[in-house]
Amino acid sequence: MDLFSPITFRNLTLKNRIVLSPMQQYSAQNGIPGNWHLVHLGSRAVGGAGLIITECTAVSPEGLATLSDVGIWNEEQKNAWKTIVDFVHEQDSKIGIQLWHAGGKGSLKHPNEGMKPLSLEEGGWVVKTCSATELNGVLSQELTIAEIDELKIKFVDAARRAVEAGFDTIEIHAGHGYLFHQFYSSVINKRQDEYGGTFENRIRLLVETIREIRKAIPEGMPLLVRISAVDYIDTADAWTLEDSVALSKILKENGVDFITASGGGFTNVSRDKVFPGYQVPFATAIKVQTGIATGAVGMITDAKQANEIIADGKADLVVIAREHLRDPYFAIHSAKELEMGIEVPWQYKRAFN
Ligand SMILES: Cc1cc2nc3c(=O)[nH]c(=O)nc-3n(C[C@H](O)[C@H](O)[C@H](O)COP(=O)(O)O)c2cc1C
């Protein structure tokens, strides 16, 4: 087994183990992916990555973090995604969409304007999550049960649109301090009803959403979830790796095929906790203790390191973000360095003989 061994999830076979990690580009208008997204995602497909995953894509306007994020809550957005999906397929790569709701981390200005709270007068919106809280300086309100039920429907509608747009797989973003993570971590979730309190109650929204999506998408389409394996917070109410293992078991029983084990989202992670491959042990623990396939993410930046993670069985996929920004051809360059075979686009073959 190595970095260039194919892998199959349900009816989807990836030609190698290299994944373009989701990265927000803050470059959309009205949630519609445009030329930037086509080139950003398309060049990593040209560069050889086996699976491209879109940046977090909102299931409703209230699910955005900023007004420059992408969405898939209407037909215009769906059709724009289809152009990108078709291009990635022409490159013999596969593409998944990361479905997302920011919950309490919404209504923010563009990063170039410091991601400060966006007021209602400036086009911002009322943000809601599990409990009344404050994140990034934005006050949020508690969702009612009726609103929670609507959220599940929005995820299912978005998943249906993603299938219609031709995506090969769907990843639910349940990490990084966004809606699902806000629910499952007691750091934020202070609800008193069936969506708060115990572990079972806090994971309920995610599990119920997964069940509904699984029913709505084809049996042969894999379903992926990204979680924050830990909160990186040293308090008794923080989410732990043990919690993540327990959650992953339940997700697997409910038809999830693959977990990417990321971390954090409520606070800045202290520098001493971030080093090459720092989150690989999370992917390994979840894989070994539950049997579900996992992806390792976080400071995986070179071919040998990536190959070792796969060859040593520490994870099934390597999910690479910033190195892909520096080098869209990470997969092609890795194959050359490791002296392993990869197909380059025929248009570029004269440069690789
Ligand atoms: C510009 C940028 C945008 C990101 N946006 C997303 C996102 O939309 N969804 C997500 O799950 N993670 C997002 N992340 C996190 C990355 O996917 C990844 O988990 C993180 O950067 C660590 O991996 P790396 O060390 O390979 O960059 C983003 C990271 C960066 C640098």
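Scoring rules and cut-offs
- Residues numbered from 1 in each chain as written.
- Predicted model: local features only at pLDDT ≥ 70, side-chain atom pairs only at ≥ 80, totals over all residues.
- Heavy atoms only, no water.
- UniProt positions renumbered as here; feature names shortened; annotations may be inferred.
- Salt bridge = Lys/Arg side-chain N within 4 Å of Asp/Glu carboxyl O.
- Helix = DSSP H or I, 4+ residues; strand = E, 2+ residues; numbered from the N terminus.
- Buried < 20%, exposed > 50% of the residue type's maximum accessible area, 1.4 Å probe, protein only.
- Axes fitted to C-alpha atoms, helices over the stretch in contact; angles between N-to-C directions.
- Parallel < 35°, antiparallel > 145°, perpendicular 65-115°, else oblique.
- Left-handed = near helix turned anticlockwise from the far one by under 90°.
- Contact = heavy atoms within 4.5 Å.
- Core = buried A, V, L, I, M, F, W, Y, C linked by side-chain atoms within 4.5 Å.
- Pairing = 2+ DSSP bridges.
- Polar contact = N/O pair within 3.5 Å; in protein donor to acceptor, adjacent residues only side chain to side chain.
- Near = heavy atom within 4 Å.
- Areas by Shrake-Rupley, 256 points an atom, 1.4 Å probe, with all protein chains shown as cover.
- 1 Å grid on protein atoms, 1.4 Å probe; cavity = no way out; pocket = protein on both sides within 12 Å on 5 of 7 lines; lining within 4 Å.
- Sits in = over half its atoms within 2 Å of the grid points.
- Nonpolar A, V, L, I, M, F, W, Y, C, P; charged D, E, K, R; others polar.
- Points joined across faces, edges and corners; volume = space filled by probe spheres on them.

Recorded under Cofactor (unreviewed entry), the UniProt text for the protein chain is reproduced unchanged: "FMN".

(A) Region of the structure containing the pattern of salt bridges. Enumeration over the complete set of coordinates arrives at 21 salt bridges. The closest approach of N and O atoms between Glu219 and Arg10, which form a salt bridge, is 3.4 Å. With a gap of 209 residues between them, Glu219 in the loop between helix 5 (199-216) and strand 11 (223-228) and Arg10 in the loop between strand 1 (7-9) and strand 2 (12-14) connect regions that are remote in the sequence. For Arg10, a relative accessible area of 30% gives the class partly exposed.

(B) View of the packing of helix 2 (residues 75-90) against helix 3 (residues 145-165). It is the contact of helix 2 with helix 3, at a shortest axis distance of 8 Å, that shows an interaxial angle of 40°. What the angle tells us is that helix 2 and helix 3 run oblique. The way helix 2 lies across helix 3 gives a crossing that is right-handed. Across from Glu75, Lys78, Trp81, Lys82 and Val85 in helix 2, the residues of helix 3 making contact are Arg161, Glu164 and Ala165.

(C) Representation of the nonpolar core. Counting residues in each nonpolar core, the largest one holds 83 residues, and the members touching the most others are Leu99, Ile170 and Ile172. Top contributing element to this core by residue count: helix 3, with eight residues. Leaving out residues up to four positions away in the same chain, Ile172 has contacts with Leu99, Phe155, Phe180, Leu206, Ile210, Ile213, Leu223, Leu224, Val225 and Arg226. Formed by 13 residues, the second largest nonpolar core is a distinct cluster that contains Ile7, Val19, Ile53 and Val319.

(D) The arrangement of the sheet that holds strand 9 (residues 138-142) in detail. Spatially, three strands are ordered 7-9-8 in an open sheet, and the strand pairing comes out mixed. Because the sheet does not close on itself, it has two edges, and the strands there are strand 7 (127-129) and strand 8 (133-135). Adjacent strand axes in the sheet meet at a mean angle of 45°, parallel and antiparallel pairs treated alike.

(E) Molecular detail of the side chain of Gln279. When you line up the elements, Gln279 lands in the loop between strand 12 (258-262) and helix 7 (280-290). On the basis of relative accessible area, Gln279 is assigned to the buried category, the value being 2%. Within polar-contact distance, the side chain of Gln279 engages the side chain of Tyr232 at 2.9 Å. A distance of 3.0 Å separates the side chain of Gln279 from the backbone nitrogen of Gly263, its partner in a polar contact. Residues in contact with Gln279, not counting those within four places in the same chain, are Tyr232, Ala261, Ser262, Gly263, Val297 and Gly298.

(F) Structural view of the site of the ligand. Surrounding the ligand, one finds 15 residues, the nearest of these being Ser21, Gln24, Arg226, Met299 and Arg322. Separating an oxygen atom of the ligand from a backbone N or O atom of Met299 is a distance of 2.6 Å. When isolated, the ligand has an accessible area of 610 Å², and the protein chains bury 83% of it. When atom positions are compared with the pocket grids, the ligand is found to occupy the largest pocket. Grouping the constituent residues of the shell around the ligand by class yields six nonpolar, six polar and three charged.

(G) Inspection of empty space enclosed by the protein at higher detail. For the coordinates displayed, the defined rule picks out one cavity of 30 Å³ or more. Taken as a whole, the largest cavity encloses approximately 30 Å³ of empty space. Its residues assigned to classes, the lining of the largest cavity shows eight nonpolar, one polar and no charged.

(H) Looking closely at the layout of surface pockets. Roughly 1,200 Å³ of volume is contained in the largest pocket. Lining the largest pocket are 42 residues, and of these Gln24, His176, Arg226, Ser262 and Gly263 sit closest to its centre. Contributions of two or more residues to the lining of the largest pocket are made by strand 4 (51-58), strand 14 (317-320) and helix 9 (322-326). Element by element, the count of residues in the lining of the largest pocket is highest for helix 9, at four residues. Looking at the lining of the largest pocket residue by residue, the classes come out as 20 nonpolar, 16 polar and six charged. In this model, the second largest pocket occupies a volume close to 260 Å³.

(I) Summary view of the environment of Val274. Checked against the element boundaries, Val274 lands in the loop between strand 12 and helix 7. A C-alpha to C-alpha distance of 19 Å links Val274 and Ser244, two positions 30 residues apart in sequence. Contact partners of Val274, with chain neighbours within four places excluded, come to Val269 and Met299.

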